[in-house]
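Letter by letter, the chains look like this.
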Amino acid sequence: MSRRRGKVALLGLVVAGFAFLYLPLVVLVLFSFNASKLVSVWGGWSTKWYLELFRNEQILNAAWLSLKIATINATGATLLGTMAGLVLARFGRFGGRALFTGLIAAPLVMPDVIIGISLLLTFVSMEQFIGWPYGRGIDTILIAHITFSTAYVAVVVQSRASGLDRSIEEAALDLGARPITAFLLVTLPMLAPALASGWLLAFTLSLDDLVIASFVSGPGSSTLPMVIFSKVRLGVTPEINALATLLIGIVALAAGTATWIQIRRSGRA
Amino acid sequence: MAEASTSRPVTDAAGKSFWFSGKGLVAGIPYLWLFVFFLVPFAIVFRISLSEPLIAQPPYSPLFGADGSYQGSFFNYQLLFEDALFRAAYLNSLWVAGISTLVTLLIGYPMAYVIARARPLVRNLLLMAVMLPFWSSFLLRVYALKTIMADTGLVNGLLLNFGLIDAPIRMLQTDFALYVGISYTYLPFMILPLYATLERLDWSLVEAAEDLGCRSWKAFLLVTLPLSVPGIIAGAMLVFIPATGEFVIPNMLGASDTLMIGRMLWDTFFSERDWTLASSLAVVLLLLLVLPIMLFQIAESRREERV
């Protein structure tokens, strides 16, 4: 195989890979504007599914609940995850570190059904023995989400923290700053990008979770994925396409802005 | 790694002083949280798997009788091992996850390779392009695949329209749909660790091999590929482990009798309401995954030591 032919073949594979990643998104967007209910039939352009989406109170309520949970979860997980990430990056060896590393790595791969059932049974046992949490609902979903999101934030913060230049902190300490001051004024600002992406990651993970929330939620606390799931299993529902398009639009906008800022910043540097 | 100049050096022997310092508090809060809500739950699942189902609240028998006698049994495990259906479901889950991991690796490796070798600007854009689908809803993307692969879906609609086929090709509700679904949704998890490894790779080694007359594909097989093994392991485990217990994809894309353990666990729990059997299914799944999880953790801690 000549070099050139190899390169062309490689590029072809990569283009095919990206096409694979994006085809489903394109389909969702395109068919959200399809007047026909059937995916295989094009019935002309229409925005009626968007109107139906905004009239669907079940979806809107669930979306609002999910956004609330995602926000609180992201904040809590960023707090815990930042602590955990710093511990891994900065604290060196300590008694119990091996278990700690395991507690951070395992949630990243643990199948959702295992996390879901084990947390539900934990909540049920806790209620039985200490009376808390009473019943299941938003609190239990939050605890569950914070638990797995913390691990993701920790990994993001850890990789940023271990790449930081420590001499700046050490300079602050040498100049008489107390460790807590040095941390707040020097380390934390340098960690800010990792905190932001950790927060967003935790937010997305929470907004996306169906399985764990289904196990640990109670009556009256159906999150958006739970409502979507119950709708799509009944059949084709074009207003879900409209919802997906809105979500994709928001994500694309956020990602575009982030990339633009990054490019401008690297251009200046 | 050197300790900060302000703190006492902490060694394993001095572990106690660590836990009673300010650092101990910072470490202790997330540690305690994960211990209580991630580790203890496994013990509770195991404990409930030893009970028998009851029509009561909670729906399982107590572990100790009124007289304090031990009442647990391996009844559920016996049920599980005697039932050929559960055995087949475990084997099939490992098989489907394995094939999907292989497909993901074959699609993801060239992509990670090209991204790692691209100019910085292009690299950032491509990385963003890999992440973007991941940020939009997983459930909705699986739903999109469903509308693409359905008998009355996009692919069959187009093929029928152009007269390329006479009857729809069955894709949905087959194992093929599972492979497509898992490879599609987990692709970013394969690409990112592969990219991270390839990006740090010492390319001068590859150039040296080529300068010494090695053909480029041979240099790839003998130098690049072996050096990217840590990324391959991390990526493969990030796909294989969760895929083995996957529920959404077999539920939405698979046949109604698809033998995937995540789905059987869900049905046992929510439809049959047998919490104890579902717990034993979870315990056995966890035991099957202990080895891959350890492999993943070793790869992770190696990565941690390198940075």
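To start, this report covers the structure provided alongside it. These numbers were taken from a predicted model, which means no experiment stands behind them.

1. Remarks on the overall build of chain B
Right, on to step 1. Helix and strand content of chain B: 14 helices and zero strands.
Right, on to step 2. Listed N to C, the secondary structure of chain B is α-α-α-α-α-α-α-α-α-α-α-α-α-α in terms of helices and strands.
Right, on to step 3. Dimensions of chain B, computed from the C-alpha atoms along their principal axes, are close to 80 × 75 × 35 Å.
Right, on to step 4. Counting across all 307 residues of chain B, residues that qualify as buried make up 52%.
Right, on to step 5. Taking the contacts inside chain B whose residues are at least 6 apart along the sequence as the reference set, 65% of them involve residues at least 24 apart.
Right, on to step 6. When the accessible surface of chain B is split by element, carbon and sulfur atoms take 67% of a total near 14,600 Å².

2. Some words on the overall build of chain A
Right, on to step 1. When helices and strands are tallied, chain A shows eleven helices and zero strands.
Right, on to step 2. Projected onto its principal axes, the C-alpha coordinates of chain A cover approximately 70 × 70 × 40 Å.
Right, on to step 3. Relative to its full complement of 269 residues, chain A shows a buried share of 53%.
Right, on to step 4. Contacts in chain A between residues far apart in sequence, at least 24 positions, make up 68% of those at least 6 positions apart.
Right, on to step 5. A total accessible area of about 12,300 Å² is found for chain A, and carbon and sulfur atoms account for 68% of it.
Right, on to step 6. Measuring between centres, the 20 positive side-chain charges of chain A sit 12 Å from its 12 negative side-chain charges.

3. With respect to a nonpolar patch on the surface
Right, on to step 1. The grouping of Leu99(A), Leu32(B), Phe35(B) and Val36(B) at the surface amounts to a nonpolar patch, some 330 Å² of accessible area in total.
Right, on to step 2. No other element matches helix 2 (residues 22–49) of chain B, which puts three residues into the nonpolar patch.
Right, on to step 3. As for its position among the elements, Leu32(B) is in helix 2.
Right, on to step 4. On the basis of relative accessible area, Leu32(B) is assigned to the exposed category, the value being 57%.

4. So, helix 6 (residues 138–149) of chain B
Residue and element names in this part refer to chain B.
Right, on to step 1. Compared with an ideal rise of 1.5 Å per residue, which puts twelve residues at 16 Å, helix 6 spans 17 Å between its outermost C-alpha atoms and is within 8% of the ideal.
Right, on to step 2. Counting buried positions over the twelve residues of helix 6 gives eleven, a clear majority of the element.
Right, on to step 3. The complete set of buried residues in helix 6 reads Phe-138, Leu-139, Leu-140, Arg-141, Val-142, Tyr-143, Ala-144, Leu-145, Thr-147, Ile-148 and Met-149.
Right, on to step 4. Where helix 6 begins, the capping side chain belongs to Ser-137, and its oxygen is found 3.3 Å from the backbone nitrogen of Leu-139.

5. Quick look at the interface of chain A and chain B
Where interface size is given, it is often the accessible area lost as the parts come together that is meant.
Right, on to step 1. Contacts between the two partners involve 95 residues from chain A, matched on the other side by 96 residues from chain B.
Right, on to step 2. Here chain A packs against chain B, burying approximately 8,900 Å² in sum over the two surfaces, 78% of which is carbon and sulfur.
Right, on to step 3. The tally of links from chain A across to chain B stands at zero salt bridges.
Right, on to step 4. Per element, the largest residue contribution to the side of chain A that touches chain B is 15 residues, and it comes from helix 1 (residues 3–32) of chain A.

6. Looking at the environment of Asp151(B)
Right, on to step 1. Mapped onto the elements, Asp151(B) comes out in the loop between helix 6 and helix 7 (154–161).
Right, on to step 2. When the C-alpha atoms of Asp151(B) and Ile169(B) are compared, they prove to be 6.8 Å apart, with 18 residues separating the residues in sequence.

7. Focus: the packing of helix 4 (residues 84–117) of chain B against helix 8 (residues 175–199) of chain B
When two helices pack together, their arrangement is captured by the angle between the axes and the distance separating the axes.
Residue and element names in this part refer to chain B.
Right, on to step 1. At their nearest, the axes of helix 4 and helix 8 sit 6 Å apart, and the two run at 45° to each other. Comparing their axes, helix 8 and helix 4 come out oblique. Taken as a pair, helix 4 and helix 8 cross one another with a handedness that is right-handed.
Right, on to step 2. Of the residues in the contact of helix 4 with helix 8, the class split is 22 nonpolar, six polar and two charged.

8. Looking at the environment of Asn34(A)
Residues and elements named next belong to chain A.
Right, on to step 1. Summarising the element assignment, Asn-34 is placed in the loop between helix 1 and helix 2 (48–55).
Right, on to step 2. Given the relative accessible area of 0%, Asn-34 is considered buried.
Right, on to step 3. Each C-alpha atom of the pair Asn-34 and Leu-51 lies 13 Å from the other, and the pair is 17 residues apart in sequence.
Right, on to step 4. If sequence neighbours within four positions are ignored, Asn-34 has contacts with Val-41, Trp-42, Gly-43, Gly-44, Ser-46 and Trp-49.
Right, on to step 5. Polar side-chain contacts of Asn-34 include one of 2.8 Å to the backbone nitrogen of Gly-43.

9. Description of the packing of helix 3 (residues 57–90) of chain A against helix 6 (residues 138–162) of chain A
Residue and element names in this part refer to chain A.
Right, on to step 1. Between helix 3 and helix 6, the least distance of the axes is 5 Å, while the angle of their chain directions is 40°. For the element pair helix 3 / helix 6, the angle class is oblique. Note that helix 3 runs across helix 6; the crossing there is right-handed.

10. What to know about the nonpolar core
Right, on to step 1. In this structure, Met110(A), Phe215(A) and Met149(B) are the most contacted members of the largest nonpolar core, which totals 160 residues.
Right, on to step 2. Apart from the residues lying within four places of it in its own chain, the contact partners of Phe215(A) are Val113(A), Gly116(A), Ile117(A), Leu120(A), Leu265(B), Trp266(B), Phe269(B) and Phe270(B).
Right, on to step 3. The next biggest cluster of nonpolar side chains, apart from the first, holds 18 residues, and it includes Ala74(A), Leu86(A), Ala89(A) and Leu173(A).

11. What to know about the pattern of salt bridges
Right, on to step 1. The tally for this structure, following the rule as stated, stands at four salt bridges over all chains.
Right, on to step 2. Here Arg136(A) ties to Glu127(A) by a salt bridge, and the two come within 3.9 Å at their closest N and O atoms.
Right, on to step 3. Note that Arg123(B) is salt-bridged to Glu199(B), the shortest N-O span being 3.5 Å. Of this pair, Arg123(B) sits in helix 5 (residues 120–135) while Glu199(B) sits in helix 8, placing them 76 residues apart in sequence.

12. Things to note about the packing of aromatic side chains
Right, on to step 1. If you walk through the whole model with that rule in mind, you get 33 aromatic pairs over all chains.
Right, on to step 2. An aromatic cluster of at least three residues, connected via ring pairs, comprises Phe215(A), Phe229(A), Tyr60(B), Phe247(B), Trp266(B), Phe269(B), Phe270(B) and Trp275(B).
Right, on to step 3. The cationic tip of Arg117(B) hangs over the ring face of Trp203(B); the distance from NZ or CZ to the ring centre is 3.8 Å.

13. Overview of helix 3 of chain A
Residues spaced three or four apart along an α-helix face the same direction, because each turn holds 3.6 residues.
Right, on to step 1. Here helix 3 of chain A contains 34 residues, and its C-alpha end-to-end distance of 48 Å stays within 8% of the 50 Å for a straight helix at 1.5 Å per residue.
Right, on to step 2. Two to three positions downstream of the cap, the backbone nitrogen of Gln58(A) sits 3.1 Å from a side-chain oxygen, assigning the N-cap of helix 3 of chain A to Asn56(A).

Reading guide: rules and limits
- Residues numbered from 1 in each chain as written.
- Chains lettered and ligands numbered in written order.
- Predicted model: local features only at pLDDT ≥ 70, side-chain atom pairs only at ≥ 80, totals over all residues.
- Heavy atoms only, no water.
- Helix = DSSP H or I, 4+ residues; strand = E, 2+ residues; numbered from the N terminus.
- Buried < 20%, exposed > 50% of the residue type's maximum accessible area, 1.4 Å probe, protein only.
- Contact = heavy atoms within 4.5 Å.
- Areas by Shrake-Rupley, 256 points an atom, 1.4 Å probe, with all protein chains shown as cover.
- Lys, Arg positive; Asp, Glu negative; His and termini not counted.
- Charge placed at Lys NZ, Arg CZ, Asp CG, Glu CD.
- Patch = residues over 30% accessible without salt bridge, like charges linked within 9 Å, V, L, I, M, F, W, Y side chains within 5 Å.
- Salt bridge = Lys/Arg side-chain N within 4 Å of Asp/Glu carboxyl O.
- Expected span 1.5 Å × (residues − 1).
- Polar contact = N/O pair within 3.5 Å; in protein donor to acceptor, adjacent residues only side chain to side chain.
- Buried area = accessible area lost by both parts, 1.4 Å probe.
- Axes fitted to C-alpha atoms, helices over the stretch in contact; angles between N-to-C directions.
- Parallel < 35°, antiparallel > 145°, perpendicular 65-115°, else oblique.
- Left-handed = near helix turned anticlockwise from the far one by under 90°.
- Nonpolar A, V, L, I, M, F, W, Y, C, P; charged D, E, K, R; others polar.
- Core = buried A, V, L, I, M, F, W, Y, C linked by side-chain atoms within 4.5 Å.
- Phe/Tyr/Trp six-rings, centres within 6.5 Å; stacked < 30°, edge-to-face > 60°.
- Lys NZ or Arg CZ within 6 Å of the ring centre and 35° of its normal.

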